[in-house]
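Spelled out, the chains give:
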Amino acid sequence: SGNFGTAVFSQVPLSNVRFGIGHESLDKEGRVITAEVGDDAFIWSYVPCSRWDDEEHRSIMRKEYDSRFFEYYGEVQTVTTGNVFSFGDHNIAPTNGDCSSWMVKESVKPWPSCKPVERSAHARLKEKYGLTDVYEHMHEDLKANRTNGDANKKHFTWHTKLNVARGTQDGCMRLDMMLAPEKAM
């Protein structure tokens, strides 16, 4: 049940296509597809979003997913002779600069996808495996503002229904990621 799932459309042949991250309960929602093109591996994912309450089922699932994905990325890297790339809706705003200033300044507690534990897991993945946020790398204006909330709405990939109706950028985040090994940049 739910509205989860991942699909991949490719103009080049994919090989060694596999589904999931090797965790029975997390794999039921069809959130991850891994495939190879030549010597490189690509992981497409739709990461579970936590909830306001850290004890709620989806928040617990998110923590479990982050831990398992960290291990899974390492497993894929071990068996891949080339680079391993990770794309998709990672449901993480890595810094306050990936959120609208309203979310940073007006919220009494961190929004789902902005929680310290989630940001820490994302940073750990990038650091351990030498990954670069490709989108951030390509946008100088985004790199310059990593703490106060981004004033340029072009970078946001998620918008609350409220701000769409009002035509504002309140409640916006950049949640979609393209992570590439630094050596591939």
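Residues numbered from 1 in each chain as written. Predicted model: local features only at pLDDT ≥ 70, side-chain atom pairs only at ≥ 80, totals over all residues. Heavy atoms only, no water.

Comments concerning the overall build of the protein
Phase 1 of the analysis: What the protein contains, in helices and strands, is seven helices and eight strands.
Phase 2 of the analysis: For the protein, the residues scored as buried account for 45% of the 185 residues in total.
Phase 3 of the analysis: Within the protein, contacts between residues at least 6 apart in sequence are counted, and of these 67% link residues at least 24 apart.
Phase 4 of the analysis: Here the protein has roughly 9900 Å² of accessible surface; of this, 53% comes from carbon and sulfur atoms. (Helix = DSSP H or I, 4+ residues; strand = E, 2+ residues; numbered from the N terminus. Buried < 20%, exposed > 50% of the residue type's maximum accessible area, 1.4 Å probe, protein only. Contact = heavy atoms within 4.5 Å. Areas by Shrake-Rupley, 256 points an atom, 1.4 Å probe, with all protein chains shown as cover.)

Some points on helix α4 (residues 116–129)
Phase 1 of the analysis: The terminal C-alpha atoms of α4, which comprises 14 residues, lie 20 Å apart, in line with the 20 Å expected from a rise of 1.5 Å per residue.
Phase 2 of the analysis: Buried residues of α4: Glu118, Arg119, His122, Leu125 and Tyr129, and no others. Each buried residue of α4 lies within a common arc of 130° when the element is viewed along its axis, so the set occupies one face. Structural note: α4 exposes Pro116, Glu127 and Lys128 on the side pointing more than 90 degrees away from its buried face. (Expected span 1.5 Å × (residues − 1). Arc of directions from axis to C-beta.)

A few points about the side chain of Arg119
Phase 1 of the analysis: Secondary-structure assignment places Arg119 in helix α4.
Phase 2 of the analysis: Of the side chains bearing the opposite charge, Asp98 lies closest to the buried Arg119, which forms no salt bridge; the N-O distance is 6.3 Å.
Phase 3 of the analysis: From its side chain, Arg119 meets the backbone oxygen of Thr95 in a polar contact 3.2 Å long.
Phase 4 of the analysis: Among all residues touching Arg119, those that are not within four sequence positions of it are Ile92, Ala93, Pro94, Thr95, Asn96, Cys99 and Cys114. (Lys, Arg positive; Asp, Glu negative; His and termini not counted. Salt bridge = Lys/Arg side-chain N within 4 Å of Asp/Glu carboxyl O. Polar contact = N/O pair within 3.5 Å; in protein donor to acceptor, adjacent residues only side chain to side chain.)

What to know about the packing of aromatic side chains
Phase 1 of the analysis: Under the criterion given, the structure shown has 10 aromatic pairs.
Phase 2 of the analysis: With a centroid separation of 5.2 Å and an interplanar angle of 50°, the aromatic rings of Phe70 and Tyr129 are classed as tilted. Taken as a pair, Phe70 in helix α2 (residues 57–79) and Tyr129 in helix α4 lie far apart in primary sequence, 59 residues in all.
Phase 3 of the analysis: Both rings, one in Phe85 and one in Phe87, keep their centres 6.2 Å apart while their planes meet at 5°; by these two values the pair is stacked.
Phase 4 of the analysis: When the ring centre of Tyr46 is taken as reference, the NZ or CZ atom of Arg31 above it lies at 4.8 Å. (Phe/Tyr/Trp six-rings, centres within 6.5 Å; stacked < 30°, edge-to-face > 60°. Lys NZ or Arg CZ within 6 Å of the ring centre and 35° of its normal.)

Some points on the pattern of salt bridges
When their charged atoms lie close together, side chains carrying opposite charge are able to pair.
Phase 1 of the analysis: Evaluation of the coordinates by the stated rule reveals nine salt bridges.
Phase 2 of the analysis: Residues Asp98 and Arg174 are paired through a salt bridge, measuring 2.8 Å at the closest nitrogen-oxygen approach. Pair noted here: Asp98 is in the loop between β4 (84–89) and α3 (101–106) and Arg174 is in the loop between β7 (172–173) and β8 (176–181), with a separation of 76 residues, a long-range link. For the pair shown, Asp98 and Arg174 are each scored as buried.

Digging into the sheet that holds strand β2 (residues 32–37)
Phase 1 of the analysis: Strand order in this open sheet of six strands is β1-β2-β3-β4-β8-β5, and the pairing throughout is mixed. If you trace the sheet from one side to the other, it starts and ends with β1 (15–19) and β5 (131–133), each paired once. The average undirected angle you get between the axes of adjacent strands in this sheet is 15°.
Phase 2 of the analysis: Two elements, strand β3 (residues 40–46) and β4, share six bridges in a ladder whose sense is parallel. Within β4, the position partnered with Ser45 by the bridge is Gly88.
Phase 3 of the analysis: Contacting β1, β2, β3, β4, β5 and β8, α2 runs over the sheet at an angle of about 165° to β3. (Pairing = 2+ DSSP bridges. Axes fitted to C-alpha atoms, helices over the stretch in contact; angles between N-to-C directions.)

Considerations on the environment of Trp102
Phase 1 of the analysis: By the element assignment, Trp102 lies in helix α3.
Phase 2 of the analysis: The spacing of Trp102 and Gly171 is 69 residues in sequence and 6.7 Å in space, taken between C-alpha atoms.

Comments concerning the state of the cysteines
Phase 1 of the analysis: Taken as a whole and assessed by the stated rule, the structure comprises zero disulfides.
Phase 2 of the analysis: In this structure Cys49 is a free cysteine whose sulfur lies 9.1 Å from that of Cys114, the closest cysteine sulfur available.
Phase 3 of the analysis: A disulfide-free cysteine, Cys172 has its sulfur positioned 9.7 Å from the sulfur of Cys99, the nearest such atom.
Phase 4 of the analysis: Residue classification places Cys172 among the buried positions, given a relative accessible area of 1%. (Disulfide = S-S within 2.5 Å.)

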